[in-house]
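The lines below spell out each chain.
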Amino acid sequence: MADMKLVVVGAGGRMGRTLVRIVSETAGMTVHAAVDRPDSSLIGQDAGLLAGIGEIGVPLTADPLAAVVGADGILDFTVPAATVGFAELAAQARIIHVIGTTGCSAEDEAAIDAAARHAVVVKSGNMSVCVNLLAVLVERAARTLGPDFDIEILEMHHRHKVDAPSGTALLLGEAAARGRDIKLDDYAVRSRDGYTGPRPQGAIGFATLRGGSVVGDHTVYLAGAGERLELRHVAEDRAQFAKGAVRAALWAWGRKPGRYDMADVLGLKD
């Protein structure tokens, strides 16, 4: 069977370079094309050299339309506006679109849903296998402990991250809300400042820290009277997200168009 041919977008960035490396190291798949912004000074450079693995004969291009010709899928950890454009390309080409982009608006999500009528879309707030297992634990803990336990989600990322709360924090918040059979938007508290009064019953709080080179640190607190449960995940290397994305792409290969997430990929919806 021929190798799965994947397009890495945002290939000049930190996550893009990691994706190029992981795809190149994974049996059964190959980097078909590498895309970066038109204004990038890296256009034309070999994606393998940028990723630190030596030449692979795939130069960075600013032409995404040409890049997807003959491809089986797109790996996308970019920004919402770019992701919507790549979703449209994936739909036109009837290929896989694995999305790790965070910070998407309701309109962006609707556009991705529309693309999923023709493309196989796997989108998650975090592609890490461990984080998605954590979400299952959070949902179960929230259901078991009930509303007498207050839920707070603390996350920290590097100084360059532009969206908050992180996609992972929201993923964990959604898991907690499912456990309580409520809608997260109705109970989320994303900021506190000044005289806030007592904590609302049933609230799911978010706190955000930014600084240094932190890849990702998330802790879910379930605090009751006299005891507290802490569920934590620490990401030390972006390779874990890339490995999850590659696993998602392999899982999606040959599936019917539709929108899926990492819980589908990992069989966690049983």
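Before any of the text, the structure's been laid out above.
Residues numbered from 1 in each chain as written. Predicted model: local features only at pLDDT ≥ 70, side-chain atom pairs only at ≥ 80, totals over all residues. Heavy atoms only, no water.

Chemist: Just checking my understanding: could you explain the side chain of Asn132 for this structure?
Modeler: Checked against the element boundaries, Asn132 lands in helix α6 (residues 129-145). Accessibility expressed as a relative area gives 7% for Asn132, which makes it buried. Ignoring anything within four residues of it in the chain, the contact list for Asn132 reads Ser124, Asn126, Met127, Leu171, Met262, Ala263, Leu266 and Leu268. (Helix = DSSP H or I, 4+ residues; strand = E, 2+ residues; numbered from the N terminus. Buried < 20%, exposed > 50% of the residue type's maximum accessible area, 1.4 Å probe, protein only. Contact = heavy atoms within 4.5 Å.)

Chemist: Can you walk me through the nonpolar core in this structure?
Modeler: Soluble globular proteins: nonpolar side chains tend toward being buried together. Core analysis: the biggest nonpolar cluster contains 39 residues, and Leu19, Leu75 and Val98 have the highest contact counts within it. When residues of this core are traced back to their parent elements, those giving at least two are β1 (4-9), α1 (14-25), β2 (29-35), α2 (47-51), β5 (96-99), β6 (120-123), α9 (239-252) and α10 (262-266). Considering each element in turn, this core owes the most residues, 9 residues, to α9. Those residues within four positions of Leu75 in sequence are excluded, and the remaining contacts are Leu6, Val7, Val8, Val9, Leu19, Val23, Val98, Ala245, Val246 and Ala249. (Core = buried A, V, L, I, M, F, W, Y, C linked by side-chain atoms within 4.5 Å.)

Chemist: Explain the pairing of strand β4 (residues 73-76) here, please?
Modeler: The two faces of a sheet get side chains in turn, since along a regular strand they alternate between them. The two faces of β4 match: Gly73 and Leu75 on one face and Ile74 and Asp76 on the other face are all buried. In this structure, β1 lies alongside β4, joined through 4 bridges in parallel fashion. By the bridge assignment, Leu6 is partnered in β4 with Gly73. As a crossover connection, the stretch from β4 through helix α4 (residues 80-93) into β5 is right-handed. (Pairing = 2+ DSSP bridges. Right-handed = clockwise from strand over helix to strand, strands pointing away.)

Chemist: Sorry if this is basic, but what is going on with α4 here?
Modeler: Side chains three or four residues apart in an α-helix point the same way, a direct result of the helix having 3.6 residues per turn. An ideal rise of 1.5 Å per residue puts 20 Å on 14 residues; α4 measures up with 20 Å between its terminal C-alpha atoms. Where α4 is concerned, the buried positions are Pro80, Thr83, Val84, Phe86, Ala87, Leu89, Ala90 and Ala91. Looking at the buried side of α4, the elements it contacts are β1, β2, α3 (64-68), β4, β5 and α5 (106-115). Following α4 by one or two positions, Arg94 adopts a phi angle in the positive range, close to 60°. (Expected span 1.5 Å × (residues − 1).)

Chemist: Help me understand the pattern of salt bridges in this model?
Modeler: If charged atoms from side chains of opposite charge come close, those side chains can pair. Scanning the model with the defined rule gives 14 salt bridges in all. Across the pair Arg210 and Glu155 runs a salt bridge whose closest N-O atoms are separated by 2.7 Å. In this pair, Arg210 sits in strand β9 (residues 204-210) while Glu155 sits in strand β7 (residues 150-157), placing the two residues 55 residues apart along the sequence. Each of Glu109, Asp113, Lys123 and Arg259 takes part in salt bridges that share partners, so that together they form one network. (Salt bridge = Lys/Arg side-chain N within 4 Å of Asp/Glu carboxyl O.)

Chemist: Please explain the layout of surface pockets as it appears in this structure.
Modeler: Over the atoms, a rolling probe the size of a water molecule traces out where space has been left empty. Estimates place the volume of the largest pocket at around 1100 Å³. Forming the boundary of the largest pocket are 43 residues, of which Met15, Phe77, Thr78, Val79 and Thr101 lie nearest the centre. Per element, the largest residue contribution to the lining of the largest pocket is 5 residues, and it comes from α4. When the residues that make up the lining of the largest pocket are grouped by side-chain class, the tally is 17 nonpolar, 20 polar and 6 charged. Quantified by volume, the second largest pocket comes out at close to 980 Å³. Around the second largest pocket, the lining is made up of 35 residues, and of these Gly125, Gly167, Leu170, Leu171 and Glu174 lie nearest the centre. (1 Å grid on protein atoms, 1.4 Å probe; cavity = no way out; pocket = protein on both sides within 12 Å on 5 of 7 lines; lining within 4 Å. Points joined across faces, edges and corners; volume = space filled by probe spheres on them. Nonpolar A, V, L, I, M, F, W, Y, C, P; charged D, E, K, R; others polar.)

Chemist: What is the right way to look at unusual backbone geometry in this model?
Modeler: Among all residues except glycine, the phi angle is most often negative; among peptide bonds, the trans geometry is most common. With an omega of -10°, the peptide bond between Ala164 and Pro165 qualifies as cis. The topology assignment puts Pro165 in the loop between β7 and α7 (167-180). For Arg94, which is not a glycine, the phi torsion comes out positive at approximately 60°. When you line up the elements, Arg94 lands in the loop between α4 and β5. Using a relative accessible area of 55% as the deciding quantity, one classes Arg94 as exposed. Even without being glycine, Asp181 reaches a positive phi, approximately 60°. Relative to the helices and strands, Asp181 resides in the loop between α7 and α8 (184-187).

Chemist: Looking at this structure, I do not really get the sheet that holds strand β10 (residues 216-223). What am I missing?
Modeler: Backbone hydrogen bonds are what pair the strands of a sheet, in a parallel or an antiparallel way. Read from one edge to the other, the open sheet built from 5 strands follows the order β8-β9-β7-β10-β11, with strand pairing classed as mixed. The open sheet terminates on both sides in strands that have one partner only, identified here as β8 (188-189) and β11 (228-235). Of the strand pairs in this sheet, β7 and β10 are connected by 7 bridges, and their pairing is antiparallel. Note on β10: the bridge partner recorded for Ile153 is Val220. Each of β7, β10 and β11 touches α6; the most contacted strand, β11, lies at about 170° to it. Lying on the sheet, α7 is in contact with β7, β9 and β10; it crosses β7 at an angle near 165°. (Axes fitted to C-alpha atoms, helices over the stretch in contact; angles between N-to-C directions.)

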